[in-house]
Amino acid sequence: MATAISRPATYGLMAEFITPQALYDAVKAAKAEGYEKLDAHMPYPVEDICHEVSNHKRSKVSMIVFIGGLTGAVFGFLFQSWAMGALPWLQDLTSQIFNYQGYPYNIGGRPYLSWPAFIPVTFELTVLFGAFSAVIGMFALNGLPSPYHPVFNVERFSRHSVDRFFLVLESEDPKFDQAETRSFLEGLGPEEVMDVDW
Amino acid sequence: MSEQVIMTIDDARFDGGDGLRSVRQKALIAGVIGALATAGGYFAVGRDVFYRAYLIGWLFWLGIAVGLLSLGMIAQVAGGRWGIQMRRVQEASGRTLWFFLILALPICFGGLESLFSWARDGVAASDALVAEKTGYLKAWFDFEGTNPEWMATFVPGFIPRILIIFVLWLLWAYRLSALSNAFDAAGTHEERERARDKQIKWCAGGLLVFAVVATFASIDWVMSTDPHWFSSLYGPQFIIWQLLSGVAFSIPLMIFFGNREPLKHLLDPKQFHAYGKWMLAFTMVWGYFNASQIIIIWSGNLPEEVGWYIHRSTGGWYWFTAALVLFTFFVPFVILLFQPLKFKPKILLRIALLVLATRWLDYYWNIVPNLHPDGFTMHVFDVIAPIGIGGLWIWLLFGQVQGKVLVPVHDPVIQEALSDG
Amino acid sequence: MSTPETSSAATVGTNPDLTPPSDRQILSPDHDAETLTNKVSSIVFGRTPLWMYGVFALSFSLVGLLLISVVYLVVKGTGIWGLNIPVAWGFAIINLVWWIGIGHAGTLISAILLLLNQDWRNSINRFAEAMTLFAVACAVMFPLLHTGRPWIAAYWLLPYPNTMWLWPNFRSPLMWDVFAISTYGTVSLLFWYVGLVPDLGTLRDRAKNIHLKRLFHSLAMGWRGSAKHWHNYEMAYLLLAGLSTPLVLSVHSVISFDFSVAQLPGWHATIFPPYFVAGAVFAGFAMVMLVMIPVRFAFGLHDMLTSRHLQNMAKVTLVTGFIVCYGYLAEFIFAYYSGNPYERYAIAENRPFGPYNWAWMMLIFCNFLAIQPLWFKKVRQSPVALWVISFIISIGMWLERFVIVVMSLHRDFLPSSWDRYAGTIWDWGLYLGTIGFFFSLMFLFIRFVPMIPMSELKILLPEARVKGDGHH
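Each chain has its residues counted from 1, following the order in which its sequence is written. The naming scheme follows written order: chains are lettered A onward, ligands numbered 1 onward. Per-residue local features of the predicted model are confined to residues with pLDDT of at least 70, and side-chain atom pairs are confined, for both listing and counting, to 80 or more; whole-chain, interface and lining totals are unaffected and use all residues. Heavy atoms throughout the structure, all of them, feed into the side-chain values; hydrogens and water do not.

## Let's talk about the overall build of chain A
As a reminder of what qualifies: Numbered from the N terminus, helices here are DSSP runs of H or I no shorter than four residues, and strands are runs of E no shorter than two. Here the globule rule is a power law, 2.2 Å times the number of residues to the power 0.38, and the radius of gyration is based on C-alpha atoms. Classification of residues uses two cut-offs on accessible area relative to the type maximum, computed with a 1.4 Å probe and protein chains only: under 20% is buried, over 50% is exposed, and between them is partly exposed.
Looking only at helices and strands, chain A has six helices and four strands in total. The C-alpha atoms of chain A give a radius of gyration of 26 Å, which is well past the 16 Å a tight globule of 198 residues would have. Along the first, second and third principal axes, the C-alpha set of chain A runs to 80 × 40 × 30 Å. Classification of the 198 residues of chain A by burial places 52% in the buried group.

So this is what it looks like as structure tokens:
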């Protein structure tokens, strides 16, 4: 990107804590101080920190899954009915668009629209679509996969996945000031405060 | 574990007060008026409508009572924080079961022929399929032409079976209450542990017994209204009907007790959420059982089985069936999927009332099309009979909690919940 | 509970003097986040223990048997199996049902127990989920191979129209199977992978070798433990559990439909779906214990897979075992109550007194009598006893499918078409081969993937609790 000129010198500042309680208190303090662009890193999910950092908003994943599952259900039922030659309106529709329609099967005198027999596949597709929506939705909302991220430039950060807790205040925050923010973080009693290079 | 006394046994006693008195009074008035109307209805609407309305009302409230007791037992066996708060109230419901045994008398000694075609004279002689089952489908022990013969002596009929079923239910109900008292009376940690182990063992064994009992209950009281039809999934379905009733009825109970000592501080939104989850789970199991049953019977297409569904999908019954599926499964299912709603007692109460209404519809759907296969039928009396039974039962239930210890204060889970505040 | 000040950062490596966890605990109280990480990841990064070469060689030799059986099958066709009319479904379907059933415990542990807030699942779920995946892999071999030409089986099985633009028949339970099993395999894989992502991040941060680091970084999708990410992650994980729970019920129900929608006495029963599901979970828990007890011993994981885990699994086994026995009882009751002479003969005469009554009696022994000791706490506390019971159950559940499949088919409506059935050496070869395949995959998993979910186990640490005001 050509806008590199306006970019701050570092990605932000990182403070390391030993306990989740300390990180939680630090997040609260940073938010009270007016920092908005912040993130916390931890080896396991601590519910209260997650809620605090996400501003107590519910995750959008549930809505994505609901829509995905519903799509799977509707698609599953309509597809089976169509392939077995039921639902004339759907057959007309596909004839017009694809010049192709489902073949009406008569097996054992069962009706074309054998809805009891369509329950299992409809259900399976609901779950399949729902599960894919959950996984893809979660990764997409998180912006993953992301092969590169500045936080990995900090050497001590490798302990974030073991037993340490990190608070990152980003330099793009209007309140961010290299010296002032650093002294603010140091006031929170961290193990160490580190610059996060780009 | 540090023994920190936060609530004493005397604090845990429910003294009731005005709220309890007012509920009992209203229930008694409704019950007496309903019972009088029911009794009068016998002469006004005729035997057939009377007995089917009575049977459904009986099954409906019995389902709630046994469902509550079973839930308490499940909570005891499964452990965890969701179930322990309401357990004493659920046990109280077990101590009312004798009421339903008394209410079974009119069915046994008056309504048998109206409700069950197998009990009528001459049916076994003219119906080959019923003749094959006379070893089971009989009022007492011996029945003319009992088939096979050995069943005449060893297999009890409909009326002795009711007695056996209720004796087993009552045995567990009173035993569990006694064990709870023993738990409260236990002085030392070791004694309590032993009492708790005993409770868990009885509950686990009881659930096994209840499952078997429910199977025979489902055959006798519901399935055999059509003596040809059978479905081996019916016992588990009967259990789910009762559990769903119990969970749904727990919500208004929780609202009542959540406003009063001693349960006031123990019934928080998390408890409601847990019960909402159980309601969702049981609703899904209901859907699962019904879907499985129709898939198997519809695909098998055997004449003695599939007629049951044909009766329910023709005539006016078609719309009744559609409404049943919509309101028993889809509506509560979709609403309960949304997590925040399950934390709100008021919304849960509405869903619970819907679930209870569909419980009644479900019993109706399982029984009445067998008696009236040719077309939909319903009578005002169908609604009146359950009100009478329900009023009297609620009066009894609230009588059973009065003055009783409602919080097992020595239970470590309760200790933890109380200290969390 | 106090926040241990002792969890100093200076402790490196596994602490050998861990207090053994008590009967109720699911984690040794001496563990902290670092010791946990070290212990679990050391299995992945450490040297392969010698015994593992031995057991791997053993199970891999069975994979050789599998390959030979498959090649011979492809060359000669399904005539090498013991199948004939009337028993046209034999080992292939028995093994399919058996393997899928074994897989079900994995989903139950990871999904249902998560929804029920049973935190003891956190240390065994990855292991059980891996079992699910490998069991499904073994299971799907059978429907593919029983077509005789597995390379075009996909064409017959998948929902794909033929040259005449005819679609497969969606009213057939065999078609439902394809959807159920493939969905099950896919969703289990997704669930397993999502659960693994944070631990892959941990492995990346622990790896010394740059190539390994890159590999784990890519597999972890660049996971960086951000609170915002955890927030969505937790929701997605919970929803996956919510989806997997009905899924696991549906899969074995659909398998049971293969039998129950038919009109054959002994197959056509509405109890089949829940009865099969319970049987699946029953067999699955037995298999989890069968594999986990030796692994726990071999790697000294008593501090993470505690006695409480084994006891709880024993309890679930007992409960599901009783549901299975309820199924046997219901079959008998309704065989009589149906009034149908064929039903009565198949269930009440042919099973206890017919030519295969040995299988039925062993079934009652394995699935009913052998689980009764689990009522006693002493038995539940003994890993050896649990292992023996699990072994018996695994045999019993195989016999259950044998009873259902073979004993219902070999004597149907017309006595003139009655016949006997026995598996041939190739039937057994294929079956044992899949067992070898399963264990080979299990050993590879144990060796190369963190078998205990580190991030989920750390949630159980006492210091993971935060006292905040943002509680709902």
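Back to the write-up after that little detour.
## Points about the overall build of chain C
In terms of regular secondary structure, chain C is built from 16 helices and zero strands. The globule rule puts the C-alpha radius of gyration for 472 residues at 23 Å, and the 24 Å found for chain C is close to it. If you line up chain C on its principal axes, its C-alpha atoms span 80 × 55 × 50 Å. Here chain C, with 472 residues, has 61% of them falling under the buried criterion.

## Some details on the interface of chain A and chain B
Bring the parts together and some accessible area is lost; that lost area is often taken as the interface size. The criterion, for reference: Contacts are residue-level and defined by heavy atoms, with any inter-residue pair within 4.5 Å sufficient. Here the buried area means the combined drop in accessible surface, using a 1.4 Å probe, for two parts upon being joined, counting both sides. Salt bridge, as used here, is a side-chain nitrogen of Lys or Arg placed within 4 Å of a carboxyl oxygen of Asp or Glu.
Taken together, the contact pairs 11 residues of chain A with 10 residues of chain B. Between chain A and chain B lies a buried interface of about 840 Å² when both sides are counted; carbon and sulfur atoms form 77% of it. Where chain A meets chain B, there are zero salt bridges. If you list the elements that add at least two residues to the side of chain A that touches chain B, you get helix 3 (61–83) and helix 5 (115–141) of chain A. Per element, the largest residue contribution to the side of chain A that touches chain B is five residues, and it comes from helix 5 of chain A.

## Things to note about the nonpolar core
Note the cut-off: Nonpolar core, defined: a set of buried Ala, Val, Leu, Ile, Met, Phe, Trp, Tyr and Cys residues in which side-chain atoms within 4.5 Å join the residues together.
Of all hydrophobic cores here, the largest spans 349 residues; its most connected members are Trp-58, Phe-100, Trp-221, Phe-257 and Trp-393 of chain B. By residue number, the principal contributor to this core is helix 2 (residues 47–78) of chain B, which donates 20 residues. Excluding its chain neighbours within four sequence positions, the residues that come into contact with Phe-257 of chain B are Phe-14, Val-89, Leu-263, Lys-264, Leu-267, Phe-398, Val-401 and Leu-406 of chain B. Counting nine residues, the second-largest nonpolar core is a separate cluster that includes Met-14, Phe-157, Val-168 and Met-194 of chain A.

## A few points about the domain arrangement of chain A
As a reminder, the rule being used: In this document the domain limits rely on a domain assignment from an automatic tool or a database.
What the domain assignment reports for chain A is domain 1 (10–57 + 143–197) and domain 2 (61–141). Summarising the inter-unit geometry, the C-alpha centres of domain 1 of chain A and domain 2 of chain A are found 45 Å apart.

## Overview of the interface of chain C and chain A
Heads up, the condition is: Here a polar contact means two N or O atoms within 3.5 Å. Within protein one must be a hydrogen donor candidate and the other an acceptor candidate, and residues neighboring in sequence count only if both atoms are side-chain atoms. Side-chain classes follow a simple rule in which Ala, Val, Leu, Ile, Met, Phe, Trp, Tyr, Cys and Pro form the nonpolar group, Asp, Glu, Lys and Arg form the charged group, and the remainder, Gly included, forms the polar group.
In this assembly, 65 residues from chain C lie in contact with 74 residues from chain A. Taking both sides of the interface into account, the surface hidden between chain C and chain A amounts to around 6200 Å²; carbon and sulfur atoms contribute 67%. The largest contributions to the chain C side of the interface with chain A come from Trp-167, Arg-171 and Arg-224 of chain C, which together make up 14% of the buried area. The interface formed by chain C and chain A contains zero salt bridges. Applying the counting criterion to the chain C and chain A interface returns 26 residue pairs in polar contact (both at pLDDT 80 or more). Counting residues per element, the ones that place at least two in the side of chain C that touches chain A are helix 1 (33–45), helix 6 (173–206), helix 8 (227–260) and helix 16 (454–458) of chain C. The biggest single contributor to the side of chain C that touches chain A is helix 8 of chain C, with 18 residues. Its residues assigned to classes, the side of chain C that touches chain A comprises 33 nonpolar, 19 polar and 13 charged.

## Concerning the packing of aromatic side chains
Residues and elements named next belong to chain C. Threshold: Within 6.5 Å between ring centres, the rings of Phe, Tyr and Trp (the latter by its six-membered ring) count as paired, and their orientation is classed by plane angle as stacked under 30 degrees, edge-to-face over 60, tilted in between.
Evaluation of the coordinates by the stated rule reveals 109 aromatic pairs over all chains. Arranged with centres 6.0 Å apart and planes meeting at 5°, the rings of Tyr-233 and Tyr-237 form a pair that is stacked. Within this pair, Tyr-233 and its partner Tyr-237 are both found in helix 8, separated by four residues, close to a single helical turn. Under the relative-accessibility criterion, Tyr-233 is labelled buried at 4%. The class for Tyr-237 is buried, based on a relative accessible area of 4%. Geometrically, the ring pair formed by Tyr-345 and Trp-418 is stacked, given 5.6 Å between the ring centres and 15° between the ring planes. Taken together, the residues span a long stretch of sequence, with Tyr-345 in helix 11 (residues 341–353) and Trp-418 in the loop between helix 14 (383–409) and helix 15 (425–448) at a distance of 73 residues.

## Here's the deal with helix 9 (residues 272–298) of chain C
Residue and element names in this part refer to chain C. What counts is decided by this rule: Helix span, as expected, comes to 1.5 Å for every residue beyond the first. To get the bend at a given residue, fit one axis to the seven residues ending there, fit another to the seven starting there, and take the angle between those axes.
When the terminal C-alpha atoms of helix 9 are compared, their 39 Å separation across 27 residues agrees well with the 39 Å that a helix rising 1.5 Å per residue should span. In helix 9, a bend of some 25° at Met-292 exceeds every other bend along the element, and Pro-294, a proline, comes one to four places later. With 24 of its 27 residues buried, helix 9 lies for the most part within the structure. Following helix 9 by one or two positions, Gly-300 adopts a phi angle in the positive range, close to 60°.

## Things to note about the sheet that holds strand 1 (residues 12–17) of chain A
Residue and element names in this part refer to chain A. The cut-off we apply is this: Strand pairing is assigned whenever DSSP detects at least two bridges linking the two strands. Lines fitted to C-alpha atoms define the axes, with helix axes restricted to the stretch in contact, and inter-axis angles between N-to-C directions lie between 0 and 180 degrees.
Taken together, four strands build an open sheet; the order of strands is 2-3-1-4 and the sheet is antiparallel. The sheet is open, and its two borders are formed by strand 2 (38–41) and strand 4 (192–196), each paired with just one other strand. Direction aside, the axes of adjacent strands within the sheet are offset by 20° on average. Alignment of strand 1 against strand 3 (residues 165–170), held across six bridges, turns out to be antiparallel. Each residue of the ladder has a partner; that of Gly-12, found in strand 3, is Glu-170. Its contacts with the sheet put helix 1 (residues 20–33) on strand 1, strand 2 and strand 3, and the angle it makes with strand 3 is roughly 15°. Contacting strand 1, strand 3 and strand 4, helix 6 (residues 178–186) crosses the sheet at an angle of about 150° to strand 4.

## A few points about the environment of Lys-378 of chain C
Of note, Lys-378 of chain C is situated in helix 13 (residues 377–380). The class of Lys-378 of chain C is exposed, set by a relative accessible area of 69%.

## Considering the packing of helix 9 (residues 189–222) of chain B against helix 10 (residues 307–337) of chain C
Threshold: Working definition: roughly parallel below 35 degrees, roughly antiparallel above 145 degrees, roughly perpendicular at 65 to 115 degrees, and oblique for all remaining angles. Here a crossing is called left-handed whenever its near helix is offset anticlockwise from the far helix by less than a right angle, and right-handed whenever the offset is clockwise.
Contact geometry of helix 9 of chain B with helix 10 of chain C gives a least axis separation of 11 Å together with a crossing angle of 25°. With respect to their mutual orientation, helix 9 of chain B and helix 10 of chain C come out roughly parallel. Helix 9 of chain B and helix 10 of chain C meet at a crossing whose hand is right-handed. For the pair helix 9 of chain B and helix 10 of chain C, contact is made by Leu-208, Ala-211, Val-212, Thr-215, Phe-216 and Ile-219 of chain B and by Phe-322, Tyr-326, Leu-329, Ile-333, Phe-334 and Tyr-337 of chain C, respectively.

## Some points on the pairing of strand 2 of chain A
All names here are of chain A. Burial along strand 2 is two-sided: Leu-38 and Ala-40 facing one way and Asp-39 and His-41 facing the other are all buried. Relative to strand 3, strand 2 is paired through four bridges, and the arrangement is antiparallel. Paired with Asp-39 across the two strands is Val-168, which belongs to strand 3.

## Focus on the pattern of salt bridges
All names here are of chain A. According to the stated counting rule, one finds 19 salt bridges over all chains in the structure shown. The residue Arg-156 makes a salt bridge to Glu-192 at a minimum N-O spacing of 3.5 Å. Of this pair, Arg-156 sits in the loop between helix 5 and strand 3 while Glu-192 sits in strand 4, and the two are 36 residues apart along the sequence. For Arg-156, a relative accessible area of 34% corresponds to the partly exposed category. Connected via shared salt-bridge partners are Glu-16, Arg-156, Arg-164 and Glu-192.

## Examining the environment of Asn-55 of chain A
Residue and element names in this part refer to chain A. Note on placement: Asn-55 falls in the loop between helix 2 (47–53) and helix 3. The exposure class assigned to Asn-55 is partly exposed, which follows from its relative accessible area of 44%. Along the sequence, Asn-55 and Glu-36 sit 19 residues apart, while their C-alpha atoms lie 9.6 Å from each other.

## A few points about the packing of helix 10 of chain C against helix 12 (residues 357–369) of chain C
Residues and elements named next belong to chain C. Viewed as axis vectors pointing N to C, helix 10 and helix 12 meet at an angle of 145°, and their least axial separation amounts to 10 Å. Along the contact surface, helix 10 presents Gly-321, Phe-322, Cys-325, Tyr-328 and Phe-332, while helix 12 presents Trp-360, Leu-363, Ile-364, Asn-367 and Phe-368. Per-class residue counts for the contact of helix 10 with helix 12 are eight nonpolar, two polar and no charged.

## Comments concerning a nonpolar patch on the surface
Residue and element names in this part refer to chain B. Basically, it comes down to this: Patch membership requires more than 30% relative accessible area and the absence of a salt bridge. Residues of like charge join within 9 Å; the nonpolar side chains Val, Leu, Ile, Met, Phe, Trp and Tyr join within 5 Å. In this description, accessible areas are obtained by the Shrake-Rupley approach with a 1.4 Å probe, and a residue is regarded as covered only by the protein chains that are shown.
Residues Trp-98, Ile-102, Leu-105, Phe-109, Trp-140, Phe-141 and Tyr-174 make up a contiguous nonpolar surface patch of about 720 Å² in total accessible area. Counting residues per element, the nonpolar patch draws most heavily on helix 4 (residues 97–115), at four residues. Structurally, Trp-140 can be placed in the loop between helix 6 (128–132) and helix 7 (151–154).

## Quick notes on unusual backbone geometry
That bond from Leu-144 of chain A to Pro-145 of chain A is cis: its omega, 0°, falls within 30 degrees of zero. Of note, Pro-145 of chain A is situated in the loop between helix 5 and strand 3. Following Ile-85 of chain C, the chain continues to Pro-86 of chain C via a peptide bond in cis, the omega torsion being 10°. The residue Pro-86 of chain C is located in the loop between helix 2 (50–76) and helix 3 (91–115) in this model. Phi at Asn-99 of chain A takes a positive value of approximately 60°, unusual for a residue other than glycine. Its place among the elements puts Asn-99 of chain A in the loop between helix 4 (88–98) and helix 5. Assessed through its relative accessible area of 69%, Asn-99 of chain A is described here as exposed.

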